[in-house]
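# Results of the structural survey
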Amino acid sequence: MTEFDYDLFTIGAGSGGVRASRLAANYGAKVGVAEEYRVGGTCVIRGCVPKKFLVYASEFGRGFNDAKGYGWSANGVSFNWNTLIENKDNEIDRLNGIYIRNLKNAGADIFQSRATLKDEHTVHLEAEGRDVTAGKILVATGGAPWTDSSIPGHDLGVTSNDAFHLDKLPKHVVVAGGGYIAIEFACIFKGLGCDVCLVYRGEDILRYFDTDISVQVHSELKRQGIRVVTQTKFEKIEQFDGDNKRVHLTNGTHIDTNMVFWAVGRKPATDGIGLENVGVALDQKGAVKVDEYSKSSVDNIYAVGDVTDRIALTPVAIREGAAFAETCFNNNPTKMDYTFIPKAVFSQPPVGTVGYAEHEARHEFKNIDIYKTNFRAMKNMLSGSEERVLMKLVVDGDSDRVIGCHIVGDGAAEMIQCVAIAVKAGVTKQQFDETVALHPTIAEELVTMREKYTPRI
Ligand code: NDP
């Protein structure tokens, strides 16, 4: 019999917390989980899943247009935002129910409450007005959209949390940022018929990606009519002409809009949960500092997922949660492997990428070979769309190993999941070359790139 109420108490029922809790319970631990909002966390409730529904919705507009060249006429087509939001919400409710059921079926107790740490073994449940104790505590509180509060009028803007429940679609949107969320929502809003202006402080959007991806996505955004303003920031936002906003930029210009959408990053959710009181070390961004086993600076307190600011992706949080449960409740010390994690940006067209960007590879390896191609996909020949596909392989010239693959184009996210298996397994360029192409597909170009790319001087 343990001296605590629980063997494990998890704060936050998102992807990482739920996976860790379920596995620990399956291994025989007595598990409690507190969630202040909705079980499922950012990914299910107000992140990846609802976002993907909006992405699907926004792709139809382009589809109707493309269909004309194939003989279809789609006159009188209309779009209803409220129908989309209602159907999306129904599906999110269904998934939320599944997450709750799965936790309960594993034997975990769920508390609908904000939880704070009183000491390293005691959690206070605010909604219940009582404390519970636990041998181990897992902090899986995720992250939240960050807005720049130094900008006057910053609170006149919305974030991705709000975007899933707008009363109506604005006619004009200004998006701040050049990362995942900015690019994805710029494309969603544009695809649904809004005028979109994206304001980015740097030169190249998606700057953590391979430069060819940044350039390609930038030009695809412009091609579809998204205005991209770079190297400037918001100076202030003012209420203007009723419910509209005037955004003043540091370059001296201003933009009038119906909605300002902040997408300038997310912040680990560590405020006010008592971590400082028990000596859990945080980094400069407020993320929980952890070791390779997700253990914090306090021996019995662990953290997984976005709250640790390692790689803020759902499948990573899930794996970190699983590794934690293996380590702490199955006597099997397990480290998360962060190599060759595939990533996607659900822009239009989407991005799929795995491994080293060219600039990273040139830094890490002596001899790098680049293969790349840029073409109009077959489907666009009849539709008349000028959208292009980019594919790029980064190869270690010494071992012939493919260490990076980057795709912008229809199906990129789906393709990269499969390519990632091969890249993770150590595939060589020769093995790509030996693979017979599947014709006619976009993906076949991945195995038909023969010429090394040499930059023109
Ligand atoms: P990102 O880190 O991707 O992008 C943040 C953007 O905001 C960057 O362009 C950054 O500029 C800019 N920025 C930061 N601070 C300021 C500032 N003070 N003023 C103006 N601009 C600023 O964050 P996101 O919020 O888009 O996404 C958060 C994380 O969520 C991602 O890193 C990703 O891990 C995850 N995510 C994944 C998705 C997917 O898998 N498809 C989708 C959505 C999110 P700069 O480039 O100059 O730093």
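Below you will find a few notes about this structure. (Residues numbered from 1 in each chain as written. Predicted model: local features only at pLDDT ≥ 70, side-chain atom pairs only at ≥ 80, totals over all residues. Heavy atoms only, no water.)

Scanning the chain for helices and strands turns up 12 helices and 21 strands. What you see for the chain is a C-alpha radius of gyration of 24 Å, in line with the 23 Å of a compact globule of 457 residues. Reported as C-alpha extents along the three principal axes, the dimensions of the chain are approximately 70 × 65 × 45 Å. Going through the 457 residues of the chain one by one, you find that 48% of them count as buried. Long-range pairs, those at least 24 residues apart, make up 62% of the contacts in the chain between residues at least 6 apart in sequence. Carbon and sulfur atoms make up 49% of the accessible area of the chain, which amounts to about 21,800 Å² in all. If the 51 positive side-chain charges of the chain are averaged to one point and the 60 negative ones to another, these points end up 3 Å apart. (Helix = DSSP H or I, 4+ residues; strand = E, 2+ residues; numbered from the N terminus. Rg over C-alpha atoms; globule rule 2.2 N^0.38 Å. Buried < 20%, exposed > 50% of the residue type's maximum accessible area, 1.4 Å probe, protein only. Contact = heavy atoms within 4.5 Å. Areas by Shrake-Rupley, 256 points an atom, 1.4 Å probe, with all protein chains shown as cover. Lys, Arg positive; Asp, Glu negative; His and termini not counted. Charge placed at Lys NZ, Arg CZ, Asp CG, Glu CD.)

Scanning the entire structure with this criterion turns up 3 cavities of 30 Å³ or more. Looking at the largest cavity, its volume works out to about 50 Å³. Surrounding the largest cavity, Pro145, Trp146, Ser160, Ile181, Trp262, Ala263, Val264, Gly265 and Arg266 form its lining. In terms of residue class, the lining of the largest cavity is built from 6 nonpolar, 2 polar and 1 charged. (1 Å grid on protein atoms, 1.4 Å probe; cavity = no way out; pocket = protein on both sides within 12 Å on 5 of 7 lines; lining within 4 Å. Points joined across faces, edges and corners; volume = space filled by probe spheres on them. Nonpolar A, V, L, I, M, F, W, Y, C, P; charged D, E, K, R; others polar.)

This brings us to the site of the ligand. The full set close to the ligand counts 22 residues, and Ile181, Tyr200, Arg207, Ala312 and Ala344 are the nearest of them. Within the contact set of the ligand, an oxygen atom lies 2.8 Å away from a side-chain nitrogen or oxygen of Arg207. Contact with the protein chains hides 81% of the accessible area of the ligand, taken as 900 Å² for the molecule alone. In terms of residues, the shell around the ligand owes the most to one element, helix H6 (residues 180-191), which gives 3 residues. Looking at side-chain class alone, the shell around the ligand contains 11 nonpolar, 4 polar and 7 charged residues. (Near = heavy atom within 4 Å. Polar contact = N/O pair within 3.5 Å; in protein donor to acceptor, adjacent residues only side chain to side chain.)

Another point: the pattern of salt bridges. Taken as a whole and assessed by the stated rule, the structure comprises 28 salt bridges. Between Lys372 and Asp212 there is a salt bridge, with the nearest N and O atoms lying 2.8 Å from each other. A residue pair is termed long-range when its members are at least 10 positions apart, and Lys372 in strand E19 (residues 368-376) and Asp212 in helix H7 (residues 211-223) qualify at 160 residues. Among the residues examined, Lys372 registers a relative accessible area of 26% and is labelled partly exposed. Residue Asp433 pairs with Arg450 through a salt bridge whose shortest N-O separation is 3.2 Å. Pair noted here: Asp433 is in helix H12 (residues 429-434) and Arg450 is in the segment after H12, with a separation of 17 residues, a long-range link. Relative accessible area serves as the criterion here: at 25%, Asp433 is assigned to the partly exposed category. A relative accessible area of 48% means that Arg450 is categorised as partly exposed. Via salt bridges that share partners, Asp210, Asp212, Glu358, Arg362, Lys372 and Lys392 belong to a single interconnected network. (Salt bridge = Lys/Arg side-chain N within 4 Å of Asp/Glu carboxyl O.)

Here the focus is the side chain of His218. With respect to the secondary-structure elements, His218 resides in helix H7. Since its relative accessible area comes to 13%, His218 is described here as buried.

Pairing of strand E1 (residues 6-11) with strand E6 (residues 130-139), which is carried by 5 bridges, proceeds in the parallel orientation. By the bridge assignment for E6, Thr10 is matched with Leu138. One ladder, built from 4 bridges, connects strand E5 (residues 122-125) with E6; its direction is antiparallel. The residue bridging Leu125 from the neighbouring strand is Arg130, located in E6. Between E5 and E6, which follow one another and run antiparallel, lie 4 residues, and Gly129 among them has a positive phi close to 60°. (Pairing = 2+ DSSP bridges.)

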